[in-house]
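Inside the fold
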Amino acid sequence: MSEGEYKLRAAFGEVLSLRPDQVTDETSYGTTKSWDSIAHMALIAAIDTSFDLTMDTDDLLEMDSYGKAKEILRRYGVKI
Amino acid sequence: MLLANKVVWITGASRGIGRATALEAAKNGAATVVLSARSQQALAETAEEVRAISRNELAQIVLMDVSDPQSIKAAFNEVRKSCKRLDVLVNNAGVLKQALIGMISGAQIDEVMRTNVYSVVLLIQYAARVMLRQKSGAIVNVTSILGRTGNEGNLVYVASKAAVIGATKSAARELAAHGIRVNAVAPGVIKTDMIANIPAERIQALQNSIKLGRFGEPEEVARVIVFLASDLASYVTGQIVGVDGGMWI
């Protein structure tokens, strides 16, 4: 697992109260009970902090799964 | 020391209510006062005054044009990276354009709404990202008495300030459970550049409509902003506090 993926899983796990091994590409807004609209903002904040960037609002709306988060982070030049 | 150890970010900090709020925050022990506006020169003067009150590293200038979402994002990025936290956001920057209904241009609607409303929503959104992680924070928006009363010749400005009132209440409802309070002040006639162009014959009529019989000073608004931002107001959220000398009762 790359360092980037390790950090991203940790962020998802912390905010959504999941163990890192419970976080998969399919972990999504619609299927994860703890991922509500406020958790979504907290998730963005955690990702901003972990990767020292500020995600665009459009990306914020697009990020509906862990897999999508990886895809978006690659656009910011994160190796993941 | 109402704001001891707090990081306070003030938009429109180069003059008027914003500048007065920066000085009041410094007097009240803020750890860092981040000053934002478009003009480096004007902000440098405010920063100088803030530093005169407290230590040198207290004031930080972050240039930002609130009519430009990219500029807002860049400023937020700078604040987040340099301060690591954000305890208080004061959304003060705004623009006042006058026009009777038949003379309102599309460009004017766009400019006023972008500056007075879009920026407030964006900044609340950005601030919430940091404050949610802290599980604490206070946001104070500067609206206007006109957002409550309406006014001839100010349709777009009034609509924008009414929108800020709505945004304040909605954000307060959404963020309260996470320890973040959102309030607004609604100043009446305050001695700032915004009233510099009022014709002399209107001045007396305006003063007569104010129960305290005078215009307000920027510092009188700033003190209410600091109160709302402080822990003294720990049980206050979603409120629009008039600072208008009893003009609207």
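None of the values given here were measured: they were computed from a predicted structure.

1. Quick look at the overall build of chain B
Across its full length, chain B carries eight helices and seven strands. Its C-alpha atoms give chain B a radius of gyration of 17 Å, near enough to 18 Å, the size a compact globule of 249 residues would have. Along the three orthogonal principal directions, the C-alpha set of chain B runs to about 50 × 40 × 35 Å. With 249 residues in all, chain B has 53% of them scored as buried. Within chain B, residue pairs in contact and separated by at least 24 positions form 76% of the contacts whose partners lie at least 6 positions apart.

2. Observations regarding the packing of aromatic side chains
All names here are of chain A. Tallied over the entire structure, the rule returns four aromatic pairs over all chains. Aromatic side chains phenylalanine 12 and tryptophan 35 sit 5.6 Å apart centroid to centroid with 80 degrees between the ring planes, which places their arrangement in the edge-to-face category. Remark: tryptophan 35 occurs in the loop between α1 (3-16) and α2 (37-51) and phenylalanine 12 occurs in helix α1; sequence separation between them is 23 residues. For phenylalanine 12, a relative accessible area of 0% gives the class buried. With centroids separated by 6.1 Å and ring planes inclined at 90 degrees, the aromatic side chains of tyrosine 29 and tryptophan 35 adopt a geometry described as edge-to-face. For tyrosine 29, a relative accessible area of 41% gives the class partly exposed. For tryptophan 35, a relative accessible area of 2% corresponds to the buried category.

3. A short note on the pairing of strand β4 (residues 88-91) of chain B
Residues and elements named next belong to chain B. Burial of the side chains of β4 extends over both faces: Val88 and Val90 are buried on one face and Leu89 and Asn91 on the other. Pairing geometry for strand β1 (residues 7-11) and β4, over three bridges, is parallel. By the bridge assignment, valine 8 is partnered in β4 with valine 88. Strand direction decides the pairing type here: β4 and strand β5 (residues 137-142), joined by four bridges, are parallel. Paired with valine 90 across the two strands is valine 140, which belongs to β5. In this fold, β4 hands off to helix α4 (residues 106-134), which returns the chain to β5; that crossover is right-handed.

4. Let's talk about the interface of chain A and chain B
Accessible area lost on assembly of the parts is the figure often given for the size of an interface. Between chain A and chain B, the contact holds 17 residues from the first and 15 residues from the second. Looking at the side of chain A facing chain B, the largest losses of area belong to Ile38, Met41 and Thr54 of chain A, adding up to 41% of the total buried there. Linking chain A to chain B there are three salt bridges. Among the salt bridges present, the one from aspartate 56 of chain A reaches lysine 73 of chain B, with a minimum N-O distance of 2.4 Å.

5. Points about the pairing of strand β6 (residues 180-187) of chain B
All names here are of chain B. Among the eight residues in β6, eight count as buried, and that is most of the element. Where β5 and β6 come together, six bridges link them in parallel fashion. Bridging from a neighbouring strand, alanine 138 pairs with arginine 181 of β6. Two strands pair when backbone bridges link them, and β6 and strand β7 (residues 240-243) are joined in this way by four bridges, in the parallel orientation. When the sheet's bridge partners are listed, alanine 186 is paired in β7 with glycine 242.

6. So, a nonpolar patch on the surface
A cluster of nonpolar residues, Leu2, Phe227 and Leu232 of chain B, forms a patch on the protein surface that exposes about 260 Å² of accessible area. One can find phenylalanine 227 of chain B in helix α8 (residues 218-229).

Cut-offs applied
Residues numbered from 1 in each chain as written. Chains lettered and ligands numbered in written order. Predicted model: local features only at pLDDT ≥ 70, side-chain atom pairs only at ≥ 80, totals over all residues. Heavy atoms only, no water. Helix = DSSP H or I, 4+ residues; strand = E, 2+ residues; numbered from the N terminus. Rg over C-alpha atoms; globule rule 2.2 N^0.38 Å. Buried < 20%, exposed > 50% of the residue type's maximum accessible area, 1.4 Å probe, protein only. Contact = heavy atoms within 4.5 Å. Phe/Tyr/Trp six-rings, centres within 6.5 Å; stacked < 30°, edge-to-face > 60°. Pairing = 2+ DSSP bridges. Right-handed = clockwise from strand over helix to strand, strands pointing away. Buried area = accessible area lost by both parts, 1.4 Å probe. Salt bridge = Lys/Arg side-chain N within 4 Å of Asp/Glu carboxyl O. Patch = residues over 30% accessible without salt bridge, like charges linked within 9 Å, V, L, I, M, F, W, Y side chains within 5 Å. Areas by Shrake-Rupley, 256 points an atom, 1.4 Å probe, with all protein chains shown as cover.

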